[in-house]
Every structure is written in structure tokens, then in C-alpha cells.
Amino acid sequence: GFYCNELRNRELHNKTAEAIEEAAKVLSERDDPNKAVETLKKHLIKVSYDYLSSRDVDWATRGVARLQKYKEAKIHKGITGIPSGWPLLDYATGGWQKQQLIVFTARFYTGKSWAIVNMASHVWKKGKRPLIVSKEMSAEEFERRIDAMLCKLPYERFRRGELTKLEELKYK
């Protein structure tokens, strides 16, 4: 709980600061206070919806829905969310669930990015659109890794532009 709340509060702080900065920019560049207020309002409505919306549930009225969820879990062998592609992880978690924020943390160069690319590729193959946010790697690096994984190419040769003709045909 504590770290999740801290992460959520930090994100709320950052998004609120971004909203204020954008409104200030509109005000200074256009000298239009009405447009600045509209900009601020638009951002703060989104921030309040994304971060402050209630998660209260009336358990007394959701019995039928809970029974349906149980039946779905039984049919899908406990996988009630989006499968990660790692059976043991999916068995433990039930797959990625709606409204979850999944965070990977470990030391540098321990394989986090490859694990994430592997899972994102699996999720994408299932018709979903994974979102990867990283402080360590650029979007281009992730794209290259995903391309190599999806096309089953040797990453180092792919990265250096040294694929064989046959491997290049797989990439096209």
C-alpha cells in the first residue's frame, strides 16, 4: 500500500504541475486568460478523473457479477486477465488485470527490458496494445528489440545491420 500510494501521489503531483505549466505557457504566449483557464480546466478534469475517481463498490449488488467472474476463471484455468506469456507468472497473478500498474525493478543489465519486451510481444500477439514506460531505454531501442523478437532475429546482428539475406527476408 504505502509505495503504491506514494507512486500515485507523485504521478498526481507531476500531472498537476504539467497542467499548470501548460496553462502558464498559454497565458504568456497568447495573453489570453480564457484560453489559459480552459487549458487548465481540461487538464485538471483529466487528472481528477484518472487519479481521484472513487473505487467504491457496492458489494451487496454485485453477487451475480462475482459468480460470473468465478465461472470465467474456472473456464480459463484462473487466467482472468491478459496472459503475460509466462505461465508461472500468469498462474500466480491470473494475468494482467484491468486498472493494474505493473512495475519491474531490478539492477541494471539484469534482463528487465528483455522480459518486458517478451511480455509486450505476447500481449500484442493477443490483440492488445501494451504500453511500456522506461527511464532506461528509448522507444527506438524497445522497437528494435520487439522487431527482433517478433521476427525471431538474432538481436546483436539485427542491431548492427548484419543480418543474412534470409534473415532480412524474415524482417520484411
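Since this is a predicted model, take the numbers as computed values, not measurements.

**Student:** Give a detailed account of helix H3 (residues 63-75), specifying residues and quantitative values.
**Tutor:** End to end, H3 covers 19 Å across 13 residues, agreeing with the expected 18 Å (1.5 Å per residue, within 8%). Positive phi appears at Lys77, one or two residues downstream of H3, with a value of about 55 degrees.

**Student:** Give me the nonpolar core: which residues, what numbers.
**Tutor:** The nonpolar side chains of a soluble globular protein tend to be buried with one another. Membership of the largest hydrophobic core is limited to six residues, which are Ala148, Cys151, Leu153, Tyr155, Phe158 and Leu163. Once residues within four sequence positions are removed from consideration, Phe158 is found in contact with Arg144, Asp147, Ala148, Leu153, Leu163 and Tyr171.

**Student:** Could you give me a rundown of the side chain of Ser113, with the residues and numbers involved?
**Tutor:** Here Ser113 shows up in helix H5 (residues 112-125). In this structure Ser113 touches Met137, Phe142 and Arg145, once residues within four positions along its chain are discounted.

**Student:** Which residues make up helix H1 (residues 2-30), and what are the values?
**Tutor:** In a regular helix each residue adds 1.5 Å, so 29 residues correspond to 42 Å; H1 covers 42 Å between its end C-alpha atoms and thus fits that length. When we look at burial in H1, the residues that qualify are Ala19, Ala23 and Val26.

**Student:** If you had to explain unusual backbone geometry to someone new, which residues and values would you point to?
**Tutor:** Only a minority of non-glycine residues have a phi that is not negative, and only a minority of peptide bonds are not trans. One non-glycine residue with positive phi stands out, namely Lys77, at about 55 degrees. Tracing the chain through its elements places Lys77 in the loop between H3 and helix H4 (87-93). Backbone geometry places Tyr109, a non-glycine residue, at a positive phi of 60 degrees. Note on placement: Tyr109 falls in the loop between H4 and H5. A residue is classified by how much of its surface remains accessible, and Tyr109, at 84% relative accessible area, is exposed.

**Student:** Please set out a nonpolar patch on the surface residue by residue, giving values where relevant.
**Tutor:** On the surface, a cluster of nonpolar side chains totalling about 300 Å² of accessible area is made up of Leu7, Leu101 and Val103. With respect to the element layout, Leu7 can be found in helix H1. With relative accessibility at 42%, the residue Leu7 sits in the partly exposed group.

**Student:** Tell me what's going on with the side chain of Ser84, and back it up with residues and numbers.
**Tutor:** Relative to the assigned elements, Ser84 resides in the loop between H3 and H4. Take Ser84: its relative accessible area is 0%, and that puts it in the buried class. Contacts of Ser84, omitting those with residues within four sequence positions, involve Leu89, Asp90, Trp96, Met119 and His122.

**Student:** Summarise the packing of H5 against helix H6 (residues 139-150); cite the residues concerned and give the values.
**Tutor:** Interaxial distance between H5 and H6 falls to 10 Å at its minimum, and their mutual angle equals 60 degrees. Taken together, the axes of H5 and H6 lie oblique to each other. The chirality of how H5 crosses H6 is right-handed. From H5, Ser113, Trp114, Ile116, Val117, Asn118, Ser121, Trp124 and Lys125 reach across to H6, where they touch Phe142, Arg145, Ile146, Met149 and Leu150. Residue composition of the contact of H5 with H6, by class: eight nonpolar, three polar and two charged.

**Student:** Can you tell me about the pattern of salt bridges, naming the residues and giving the values?
**Tutor:** What the rule picks out here adds up to seven salt bridges. With a closest N to O distance of 3.5 Å, Glu156 and Arg160 form a salt bridge. One end of the pair is Glu156 and the other is Arg160, both in helix H7 (residues 155-160) and four residues apart, which spans about a single turn. With a relative accessible area of 39%, Glu156 lands in the partly exposed category.

**Student:** I'd love a proper account of the packing of aromatic side chains, names of residues and values included.
**Tutor:** Taken as a whole and judged by the stated rule, the model has two aromatic pairs. Summarising the aromatic geometry, the rings of Trp114 and Tyr155 are spaced 5.0 Å apart at their centres and angled 85 degrees between planes, so their arrangement reads as edge-to-face. Placement of Trp114 in helix H5 and of Tyr155 in helix H7 is noted, with a sequence separation of 41 residues between them. Owing to a relative accessible area of 30%, Trp114 belongs among the partly exposed residues under this scheme. Overall, the relative accessible area of 14% leaves Tyr155 in the buried class. For the pair Phe158 and Tyr171, a centre-to-centre distance of 4.8 Å together with 70 degrees between the ring planes defines the contact as edge-to-face. Of the two residues, Phe158 sits in helix H7 while Tyr171 sits in helix H8 (residues 165-171), which places them 13 residues apart along the sequence. Directly above the ring of Tyr155 sits Arg145, whose terminal nitrogen or CZ lies 5.5 Å from the centroid.

Definitions and limits used
Residues numbered from 1 in each chain as written. Predicted model: local features only at pLDDT ≥ 70, side-chain atom pairs only at ≥ 80, totals over all residues. Heavy atoms only, no water. Helix = DSSP H or I, 4+ residues; strand = E, 2+ residues; numbered from the N terminus. Expected span 1.5 Å × (residues − 1). Core = buried A, V, L, I, M, F, W, Y, C linked by side-chain atoms within 4.5 Å. Buried < 20%, exposed > 50% of the residue type's maximum accessible area, 1.4 Å probe, protein only. Contact = heavy atoms within 4.5 Å. Patch = residues over 30% accessible without salt bridge, like charges linked within 9 Å, V, L, I, M, F, W, Y side chains within 5 Å. Areas by Shrake-Rupley, 256 points an atom, 1.4 Å probe, with all protein chains shown as cover. Salt bridge = Lys/Arg side-chain N within 4 Å of Asp/Glu carboxyl O. Axes fitted to C-alpha atoms, helices over the stretch in contact; angles between N-to-C directions. Parallel < 35°, antiparallel > 145°, perpendicular 65-115°, else oblique. Left-handed = near helix turned anticlockwise from the far one by under 90°. Nonpolar A, V, L, I, M, F, W, Y, C, P; charged D, E, K, R; others polar. Phe/Tyr/Trp six-rings, centres within 6.5 Å; stacked < 30°, edge-to-face > 60°. Lys NZ or Arg CZ within 6 Å of the ring centre and 35° of its normal.

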